[in-house]
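Residues per chain, in single letters:
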Amino acid sequence: SSGINAEYMPYTDQARICRVEGDRINFPLSYFENIAETTERLGSIGSLIVKQWMGYRYGIFEEVGFPRDPLYPSAYCVDDSGSPVAVSCSNVPLSEGGFASIRGSSFNTEDCKCNQAGALDLCMYVLGQDQDLFLLSSIMGFSQIPSNLVFCDHEFYLHESQHPSMQNLLCEEMATFDVVLQHYDFDFGHNDPNFVDDTAPIYEVVQQALK
């Protein structure tokens, strides 16, 4: 599933079939040219790499949506009289003040108002400083939040199957971690859970030599 802006965002080439491994992960050069700027703009480098790797290896998908996407919106309305709903998978309720127009704050009320059921094309959900400190899931959702360390499942960090997310529509509403555990990496008791005390990524950027 390639990102909306491939020039600036990492994305994974994948056939959009649940549980099918991807072809490759793409990281734009700008992602690594200024790590401090990337971290400020997109959040934890490690979590973003994990998010792309999990989609590549296990065939799971985004649990947040995108503005101007009728299939996988960032925000939508259940009916014509309620409040907007954020496409997400989180273990605690999201702040109701996170809805914003992609046209600018002066359009928030107009673009994020429910006049009918369906996607809000010009509205998106943005995590702010007022989010619950115990927002732990899901990495396939708001991976830029440092506290987001787990995946949604059917037991501990409950999956939100009601949203029109890519994960729900392509994996028939199955939780991301439940899909992961069906992979042969975990057959016959392989790869039991293990505590890792340091998850800071170590990476090296290399460039092909000029001929």
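Here, the structure is the one placed above.
Residues numbered from 1 in each chain as written. Predicted model: local features only at pLDDT ≥ 70, side-chain atom pairs only at ≥ 80, totals over all residues. Heavy atoms only, no water.

Enquirer: Break down the state of the cysteines for me, citing the residues and quoting the values.
Expert: Counted under the stated rule, the structure contains 4 disulfides. Between the sulfur atoms of Cys89 and its disulfide mate Cys152 the distance is 2.1 Å. Judged by the torsion about the S-S bond (-130°), the Cys89/Cys152 disulfide is left-handed. Taken as a pair, Cys89 in the loop between strand E4 (85-86) and strand E5 (99-101) and Cys152 in the loop between strand E7 (123-125) and helix H5 (166-170) lie far apart in primary sequence, 63 residues in all. For Cys89, a relative accessible area of 2% translates into the label buried. Look at the chain and number its bonded cysteines as they come in the sequence; the links are 1-8, 2-5, 3-7, 4-6. (Disulfide = S-S within 2.5 Å. Helix = DSSP H or I, 4+ residues; strand = E, 2+ residues; numbered from the N terminus. Buried < 20%, exposed > 50% of the residue type's maximum accessible area, 1.4 Å probe, protein only.)

Enquirer: Pulling in residues and values, what's your account of the environment of Asn115?
Expert: Tracing the backbone shows Asn115 in the loop between helix H4 (108-111) and strand E6 (118-119). Between the alpha carbons of Asn115 and Pro84 there is a distance of 10.0 Å; along the sequence they are 31 residues apart.

Enquirer: I'd like a description of the packing of aromatic side chains, backed by residues and values.
Expert: Considering all chains together, one arrives at 8 aromatic pairs under this definition. With a centroid separation of 5.1 Å and 55° between ring planes, the pair formed by Phe27 and Tyr31 is classed as tilted. Taking 6.1 Å as the distance between ring centres and 55° as the angle between the ring planes, the aromatic pair formed by Tyr125 and Phe142 counts as tilted. Remark: Phe142 occurs in the loop between E7 and H5 and Tyr125 occurs in strand E7; sequence separation between them is 17 residues. Take Tyr125: its relative accessible area is 6%, and that puts it in the buried class. (Phe/Tyr/Trp six-rings, centres within 6.5 Å; stacked < 30°, edge-to-face > 60°.)

Enquirer: Got a sec to walk through the nonpolar core? Specific residues and values, please.
Expert: Core analysis: the largest hydrophobic core is formed by 16 residues, its most contacted members being Leu94, Phe99, Cys123, Tyr125, Leu127 and Phe142. For this core, the secondary-structure elements that each account for two or more residues are strand E3 (75-77) and E7. Those residues in contact with Leu94 that lie beyond four places of it in its chain are Ala86, Ser88, Tyr125, Leu127, Gln131, Leu135 and Phe142. (Core = buried A, V, L, I, M, F, W, Y, C linked by side-chain atoms within 4.5 Å. Contact = heavy atoms within 4.5 Å.)

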